[in-house]
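What the coordinates show
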Amino acid sequence: MLYYSNKPESLGQLGTLGRQVVGGEDDGARIRVKFLRPYCVAYLDQTLLAHNKGSRSGRRVSSEYPEVNQYLRQTGFEFVTEGAKTSRAFPQRDIISVVRFSGKALDVQRVLVSWLDISVKPFLPRLTAKLWKQMVENLWEIAHNALFHGESEFGVSACGQFYPQMGYLEVAFYDAGYGIPSRVRGARVIDGTKPDSSCIEWAVQKGNSTNPLPQTGGLGLHLLQEFLKINGGTIQIVSGDGCFGQCGNDPPSICTLRNSIQGTLVNLRIIYDDSLYRLKGEAL
C-alpha cells in the first residue's frame, strides 16, 4: 500500500507496516509509502519504541520518498534514519507534533490538557468553553483507558494534522497494550467466541466497562460521538483485527480487518466549519 487513508483497508495494513519496519537484522528499514497519516506516525512511534525497548536509539526508518521523510521529521518523529533525504513539502503550521503520554495519571492529565489546548484546539471549529471542557475530559478518558487498562509499557502516542484544502483535522491515539478484545474477553462480559470487532462495539457503549469498580463505563466516547454526529466527522477504533467506525449520523459499522495490531488505535476526523458548537441547553 502506497497511500494511507482512513478507510478500513488502510487501517488493516498497519500490522503489515509494523512488521515491515521492525523486521530484518540491520538498524534501518525502508517504508515504501508515498503518504502517511497521523495515525501511522502514532502507531510507528509506539511500535519502534517497544522494539527498541524504550531506547531512542536502535531501529530507525526512512522512506524512498523525500516528502515522507520530511513529514516524519516535522511531526517530531524520533526514529528517522539520519541523513534520509527530505523535501520541504509540508507546512509545519498544519502538523500537530507527536507526543507521548506516560507516568502517573495526574502528570499525564496535565500534559494532555496542555497539548490539547495549545496544539489541537486552534484547528477545531468554534466550541463554547463548557463544551471544550467536556471534550477534553472525553479525550482524557481515551488516554486514561489506554494507559491504565491497556497497561502499555510505553504509554500512549498521539499525533495530528490539519488538512486545510480538505477542511478537516485528524488526531490519533495509539497504545501497544493488551487491547480491547483481550480485556473484554477476560472480563467474560460477552460470548468469548465473538470476533474482535464485537468486543470493540460492546466497549464503546455508554455504561459498559470491564472495570469492576463503579464508574460511568465505556471508553469515554459518548459526548465525542454525539459531537461528531452533528459535525459530520468520523471516529474509528482498531484493536486486534477488529474495526469500529462511525461517520457523522450514519449507523456505526464494524468489520474484521485482514491484519491485526497489538493494542488499540483511536482515530478521529473533525470537520472544520463556521458553526458554533455548544452543549444542549447551553445559553450563548
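Everything below is about the structure printed above this text.
Anyway, here's the lowdown on the structure attached to this text.

1. Structural notes on the layout of surface pockets
Looking at the second largest pocket, its volume works out to about 260 Å³. Leu131, Leu223, Glu226, Phe227, Ile230, Leu276, Tyr277, Arg278, Leu279 and Lys280 are the residues that line the second largest pocket. Residue assignment for the lining of the second largest pocket shows that the elements contributing at least two residues are helix H9 (222–231) and strand S9 (276–277). For the lining of the second largest pocket, the element with the highest residue contribution is H9, accounting for four residues. Taken together, the residues of the lining of the second largest pocket sort by class into seven nonpolar, no polar and three charged.

2. Some words on the pairing of strand S5 (residues 156–163)
The element S5 is extensively covered by neighbouring structure, given that eight of its eight residues are classed as buried. Residues Val156, Ala158, Gly160 and Phe162 line one face of S5 and the alternating positions Ser157, Cys159, Gln161 and Tyr163 line the opposite face, and both faces are buried. By the bridge criterion, five bridges tie strand S3 (residues 95–101) to S5 in an arrangement that is antiparallel. When the sheet's bridge partners are listed, Val99 is paired in S5 with Ala158. Summarising the sheet, S5 and strand S6 (residues 168–175) pair through seven bridges and their orientation is antiparallel. The residue bridging Gln161 from the neighbouring strand is Glu170, located in S6.

Criteria and cut-off values
Residues numbered from 1 in each chain as written. Predicted model: local features only at pLDDT ≥ 70, side-chain atom pairs only at ≥ 80, totals over all residues. Heavy atoms only, no water. 1 Å grid on protein atoms, 1.4 Å probe; cavity = no way out; pocket = protein on both sides within 12 Å on 5 of 7 lines; lining within 4 Å. Points joined across faces, edges and corners; volume = space filled by probe spheres on them. Helix = DSSP H or I, 4+ residues; strand = E, 2+ residues; numbered from the N terminus. Nonpolar A, V, L, I, M, F, W, Y, C, P; charged D, E, K, R; others polar. Buried < 20%, exposed > 50% of the residue type's maximum accessible area, 1.4 Å probe, protein only. Pairing = 2+ DSSP bridges.

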